[in-house]
Each structure stands twice: as C-alpha cells, then as structure tokens.
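# Structural overview for review
Residues per chain are reported as follows:
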Amino acid sequence: MTPIAKKAWLVGGAAAVLGGAVLTATALSDRAAGDRRETLSQPVTPALVARGAYVARLADCAACHSVPDRPDYSGGLAMALPIGRVMTSNITPDKTYGIGGWSFGDFDRAVRYGVNRRDQSLYPAMPYVAYARMSRADTEALYAYFSAGVAPAATPAPRNEILFPLSMRFPLTLWRWLFAKAPEAIAPPSAADPAVARGAYIVEGPGHCGDCHTPRGFALQVKARSAAEGPAFLAGASIDGWSAPSLRAGGQGGLGDWTSQDIADFLRHGGNARGAAFGAMAPAIEHGTARLTPGDAEAIGRFLKSLPKPPGRAFAYDAAEARRLKAGELSSPGAQAYLDNCAACHRSDGRGYSGVFPPLAGNPAVVDERAESIVRIALFGGQTPLTPSSPAQFSMPGFADRLDDREMAQLLTYVRTSWGNQARPVSRGEVARGRRASAGR
Ligand code: HEC
Ligand code: HEC
Ligand code: HEC
C-alpha cells in the first residue's frame, strides 16, 4: 500500500535510547495529553457528518487506515519501524475492535495529542504532530463522521510486530514532549489573504504535507512544523526511496515557476502541463487531494506560492538540443539512449504530449537535487493516479532490464541537462542503489 507505510520511522529506535531518562519524568503529570472528558459542543447532524467526511479526505485518514481487501477504515496497514512493524488501528465505530466506545475526548486525544485510550503515546507514524494544528471544529466533525458516517467493522487489526522490551511505549512519551505541541499552544495561521490562511491551515494541519516534504532531524522529528518555524518547512526530503521535492525552492527545482493554478491542477487531477504525479504522491492524490474543492486546492497553491524561496535561475526552454536530436546529431551516448527509449512518448523536444505524457523539459521532478525519484521511475516505470477528474491512466514502462547502470546514468544525466534543464549529473552508483533499494519492495 502507500509507500509512507514503509517509511523508516527511526523515531522508535531513537526514542528507545532516550527512554531510560524518562522513567522518572513519566511520573510527572502529562499536561500535553488533552482531556478525555471533553464532549462534542454540538449535536451529530447529517451536515456535521458530511463535513467530517470532507475533513477525513483533507487529512487522508484512508491512506493508512484503509487497506485493500479489508473493510474501510478497519486498519491493518503495516508501517515499518527500525524496531519492527506498527499496524494501523481499526477506527470504525465497532465497539469491540474499533473506536465505538470512545468519547469525543478520547478521539481528540488520539488525533491531535497522540495519546490512546489507555494513556499510552502513539507512534508518530500516526501524523498527530501535524494534526495537532487542526481546529477543534474539524476534529468534532471527524468524530461525528467516524461515529455515524462509517460502517462498524468487527475486524481486529493485526497486532504490532515489535518485540519486548522495545514494545514499551514510555519512550514515545518523551518523544512527544520534545517534538509535538499541544493543540492549544498553536496559533491558527493568520494571513492578510484568507485564501493563503486557509491554504496554510490545510498544508500545516490536516493535509500533513510536511510529513513527506519536510526534512527530518536526529530523532526523525520534522525540522519545522509550519511556515513560521523556518525555511526547513517543506524544503524537500526523501521518503521510502522517493524524493518528495521542495515545495518552496526557487529556480528550476521545487515548484519553480508553477502558478497556484498549476499546483491546484496537480493536486486535483494528478498532473498538469508541467508534470504528472507518481510514487508516494500518487496515493496522496488518489485518497486525498483529488477530492478537494477547487477553492481549497487553489488555497493550497496560493499558500505554497507565498512561502519565501531561495534564489535560483528560472527555467528557460532551449530549442537547440531538440533541433540537434531531430537532425541526428547526437551530443552524447545519453542522447542516443533517449532517442531509442524515451522520445516516442516524451518527444525529441522533451515536451511530451500534454495531458498524456509529461514533459521532461522544465519539469521540477526531473531536475530535483535528489535524483532518486527519476532513477526509480526510469528503472521501474509508473502509472498516473486515477482521479474523478482524470479517469484515464497512462503508464510508463520500466527500463531496468534494458539499460545497465552506466547507460541509465548517462541517459538521465542527458535528460537533466538538455532543453534548458540544469541539474547535476546522475552517477552509476545512484542507479545501482535505486535498483537495489527497489529489489526488496
Ligand atoms: C500516515 C499514516 C496515518 C494517517 C494518515 C492516519 N493515521 Fe491514525 N494511526 C496510524 C498508526 C500507525 C496508528 C497506530 C499507532 C500506534 O499504535 O501507536 C494510528 C492510530 C490511530 C488512532 C488510535 C486508535 C487506537 O485504537 O489506539 C486513531 C483514533 C486514529 N489513528 C485516527 C486517525 C484519523 C481520524 C486519521 C485522519 C484524520 C488518521 N488516523 C490518519 C497511522 C495513520
Ligand atoms: C510509453 C510511453 C513512455 C515511455 C517510452 C517513457 N515514458 Fe516516462 N513517463 C510516461 C508516463 C505516462 C509518465 C507519468 C507516469 C506517472 O505519473 O507515474 C512518465 C513519467 C516520467 C518521469 C517523471 C516525470 C513526471 O512528471 O511524471 C520521468 C523522469 C520519465 N518519465 C522519464 C522517462 C525516461 C528517461 C524514459 C526513457 C528511458 C521514459 N520516461 C520513457 C510515459 C513514457
Ligand atoms: C506520502 C507522502 C506525501 C504526502 C503526504 C504528500 N506528498 Fe506531495 N509528493 C510526494 C512525492 C514522493 C512527490 C514526488 C513525486 C511527484 O512529483 O509526483 C510529491 C510531489 C508533490 C508535488 C509536485 C512537486 C514537483 O516539484 O513536481 C506537489 C505540488 C506536492 N507533492 C504537493 C503536496 C501537498 C500540497 C501535500 C499535502 C496536501 C502533499 N504533497 C503531501 C509525497 C507526498
């Protein structure tokens, strides 16, 4: 299922090391754990349930709690940690196996504070650090949806595969104290433009975009939880063998010269005139952002465009290489391999076919500093996401069997330096690593 599942949550390991120090601290009162006596401030109406269904889309709960061949939201997705595998929980309203008996306070504590009903801290594979930024109004709607809008499923989630003593949860409490913030302490994002403020709210809160797009520190905590915490926020990171690129960088990388409409199209339709979604972003779109209202998608675009960007040279299309290729003047071995293997779809001018095959010229994924995404898609292929607005899927074949490491490195270096693209070369070693890393998947 979703690649985030296999993400290396070293957190557990790092937290275990810190664990001893916490033994005494755990005795202290846990102010950041919320209050289970909290109740809904409003009756559960169909309108509230419908709102909750939308918030569940924004927050992509299904990405982790729904697994093929099991009832919706009954959990069972295995997420790999260095110390074993944690399973996502059954969050249907079943009284025995799900959260049917939970009060609003219990639910809110799990979602925004990272504490379960037995007062244990949750693994941050559950994105409560970002969800802490959600408004109480939205968690109330979510609670209504998970109580009255989801069918109960009497299906137990499988047990975690983490051996004692690593399975003890108290180290996670220290981790939570260090790296999570209590919801009350979080000021709602404010901006003069209400669309930008709405976009900030979605991206920093329910959308948990930083879980993949923000680099992590020594204990795998995100280096910044919000735009206010500095330029590390959404600065790009590796996730499970894919690069989730910077959503702020200037110049050719990151969102470069995308407009807020380009960003909105990408999120709702799975692609735009400048690129197609693939890898770990494809499920995030299929389960989540494809169902955003046009206004919310545009708000995300407006917010991302408002982030300060490092300087960089913008992309300018250079037609000379396309002319050389058409004339058969091959500037490098990579150019020949490109003509033989890629030009049928991405064309000799690198511009692809709009809406079908993405351009490689001026595509931020192609010139990303971390080349792992393009190495992986070139080796193993990909498929555009399936969304309500773009129900036709287009595939790219993999070339792992056709090109060896050296040929692939030359080819990708060619793609990254042609038609105006300016990125560092790809090495043989990177291709070899991409091959090895994906062999085990
Ligand atoms: C990126 C994956 C991921 C996403 C997205 C996610 N969860 Fe979770 N969730 C988990 C994992 C993993 C656990 C189990 C953590 C543990 O055992 O420590 C969990 C646990 C929970 C629990 C605690 C259940 C229990 O029995 O203790 C609740 C409640 C919950 N999630 C609700 C939600 C809701 C509601 C959403 C959407 C707003 C959501 N989750 C989104 C991964 C995720
Ligand atoms: C049969 C048509 C086809 C061929 C041949 C092909 N591609 Fe693709 N390519 C696609 C499609 C479709 C996508 C979008 C895949 C997705 O979204 O998962 C894509 C995506 C990509 C991407 C990611 C860019 C993005 O925005 O999605 C890169 C990089 C790429 N191709 C490189 C290559 C290279 C290098 C070759 C030759 C070795 C090649 N492709 C051959 C169809 C093709
Ligand atoms: C599960 C991990 C994950 C989550 C969550 C996630 N992304 Fe991504 N995202 C990726 C990966 C991997 C890529 C690179 C592949 C691609 O371009 O489709 C990507 C690509 C993108 C791109 C294209 C960037 C480019 O330079 O081509 C945009 C825009 C984007 N994400 C926005 C978002 C937003 C907004 C959110 C939150 C609503 C989000 N992402 C949440 C993993 C994720």
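Residues numbered from 1 in each chain as written. Chains lettered and ligands numbered in written order. Predicted model: local features only at pLDDT ≥ 70, side-chain atom pairs only at ≥ 80, totals over all residues. Heavy atoms only, no water.

## Considering the coordination of the iron atom of ligand 2
Every protein donor of the iron atom of ligand 2 is listed here as His346 (NE2) and Met396 (SD), and their distances to the metal cover 2.0 to 2.1 Å. Taken together, the six donor atoms coordinating the iron atom of ligand 2 span angles of 88 to 180° at the metal, a pattern that classifies the geometry as octahedral. Of this pair, histidine 346 sits in helix 15 (residues 343-346) while methionine 396 sits in strand 9 (residues 395-396), and the two are 50 residues apart along the sequence. Judged by relative accessible area, which is 10%, histidine 346 ranks as buried. (Donors = N, O, S within 2.8 Å, 3.2 Å for Na, K, Ca; no water. Tetrahedral: all angles 85-135°; square planar, octahedral: opposite > 155°, others 65-115°. Helix = DSSP H or I, 4+ residues; strand = E, 2+ residues; numbered from the N terminus. Buried < 20%, exposed > 50% of the residue type's maximum accessible area, 1.4 Å probe, protein only.)

## As for the site of ligand 1
Neighbouring ligand 1 are 27 residues, the closest being Cys61, Cys64, His65, Met126 and Arg169. Here arginine 169 contributes a side-chain N or O atom positioned 2.7 Å from an oxygen atom of ligand 1. When residues of the shell around ligand 1 are traced back to their parent elements, those giving at least two are helix 3 (61-65), strand 2 (84-87), helix 4 (104-113) and helix 6 (136-148). Residue composition of the shell around ligand 1, by class: 20 nonpolar, five polar and two charged. (Near = heavy atom within 4 Å. Polar contact = N/O pair within 3.5 Å; in protein donor to acceptor, adjacent residues only side chain to side chain. Nonpolar A, V, L, I, M, F, W, Y, C, P; charged D, E, K, R; others polar.)

## Things to note about the pairing of strand 1 (residues 78-81)
Where strand 1 and strand 2 come together, four bridges link them in antiparallel fashion. Each bridged residue has a counterpart across the sheet, and for methionine 79 the counterpart in strand 2 is valine 86. Between strand 1 and strand 2, which pair antiparallel one after the other, the connecting turn spans two residues. (Pairing = 2+ DSSP bridges.)

## Description of the site of ligand 2
Around ligand 2 there are 24 residues in total, and Ala277, Cys342, Cys345, His346 and Met396 lie nearest to it. Here alanine 277 contributes a backbone N or O atom positioned 2.6 Å from an oxygen atom of ligand 2. At 3.0 Å, a backbone N or O of glutamine 383 approaches an oxygen atom of ligand 2. Those elements that provide at least two residues to the shell around ligand 2 are strand 7 (275-276), helix 15, helix 16 (372-380), strand 8 (382-383) and strand 9. Residue classes in the shell around ligand 2 are distributed as 16 nonpolar, eight polar and no charged.

## So, the coordination of the iron atom of ligand 1
Distances from the iron atom of ligand 1 to its protein donors, His65 (NE2) and Met126 (SD), fall at 2.0 to 2.2 Å. Around the iron atom of ligand 1 sit six donor atoms; with metal-centred angles ranging over 87 to 180°, the donor geometry is octahedral. Of this pair, histidine 65 sits in helix 3 while methionine 126 is found in the loop between helix 4 and helix 5 (128-131), placing the two residues 61 residues apart along the sequence. A relative accessible area of 10% places histidine 65 in the buried class.

## Here's the deal with the packing of helix 16 against helix 17 (residues 405-416)
At a minimum axis separation of 11 Å, helix 16 and helix 17 run at an interaxial angle of 125°. Taken together, the axes of helix 16 and helix 17 are oblique relative to one another. Regarding helix 16 and helix 17, the two cross each other, and that crossing is right-handed. For the pair helix 16 and helix 17, the contacting residues are Ile374, Val375, Ala378 and Leu379 in the first and Met408, Leu412 and Arg416 in the second. For the contact of helix 16 with helix 17, the per-class residue count stands at six nonpolar, no polar and one charged. (Axes fitted to C-alpha atoms, helices over the stretch in contact; angles between N-to-C directions. Parallel < 35°, antiparallel > 145°, perpendicular 65-115°, else oblique. Left-handed = near helix turned anticlockwise from the far one by under 90°. Contact = heavy atoms within 4.5 Å.)

## Some thoughts on the environment of glycine 301
Relative to the assigned elements, glycine 301 resides in helix 12 (residues 294-306). Sequence separation of glycine 301 and aspartate 262 is 39 residues, and the distance between their C-alpha atoms is 7.8 Å. In this structure, glycine 301 is in contact with Ser260 and Ile263, ignoring residues within four places of it in sequence.

## Examining the domain arrangement of the chain
The domains assigned to the chain are domain 1 (3-185), domain 2 (197-306) and domain 3 (320-439). Across the contact, 28 residues belong to domain 2 and 24 residues belong to domain 3. Approximately 2,100 Å² of surface area, both sides summed, lies buried where domain 2 meets domain 3, with 54% of it carried by carbon and sulfur atoms. Here domain 2 and domain 3 share zero salt bridges between them. Applying the counting criterion to the domain 2 and domain 3 interface returns 12 residue pairs in polar contact (both at pLDDT 80 or more). Listed by contribution, the elements that provide at least two residues to the side of domain 2 that touches domain 3 are strand 4 (237-239), strand 5 (242-244), helix 10 (260-269), strand 7 and helix 11 (281-288). Each residue belonging to the side of domain 2 that touches domain 3 can be placed in one class, and the counts come to 12 nonpolar, 11 polar and five charged. (Domains from an automatic or database assignment. Buried area = accessible area lost by both parts, 1.4 Å probe. Salt bridge = Lys/Arg side-chain N within 4 Å of Asp/Glu carboxyl O.)

## Regarding the packing of aromatic side chains
Tallying each qualifying case throughout the model produces 15 aromatic pairs. Look at tyrosine 414 and tryptophan 419: their rings are 5.9 Å apart centre to centre, the planes differ by 75°, and that puts the pair in the edge-to-face class. Each member of the pair, tyrosine 414 together with tryptophan 419, is buried. Site record: aromatic cluster; members linked through ring pairs are Tyr73, Phe104, Phe107, Tyr143, Tyr145 and Phe146. Across the ring face of tyrosine 353, the terminal group of arginine 347 is positioned such that the distance to the ring centre comes to 4.9 Å. (Phe/Tyr/Trp six-rings, centres within 6.5 Å; stacked < 30°, edge-to-face > 60°. Lys NZ or Arg CZ within 6 Å of the ring centre and 35° of its normal.)

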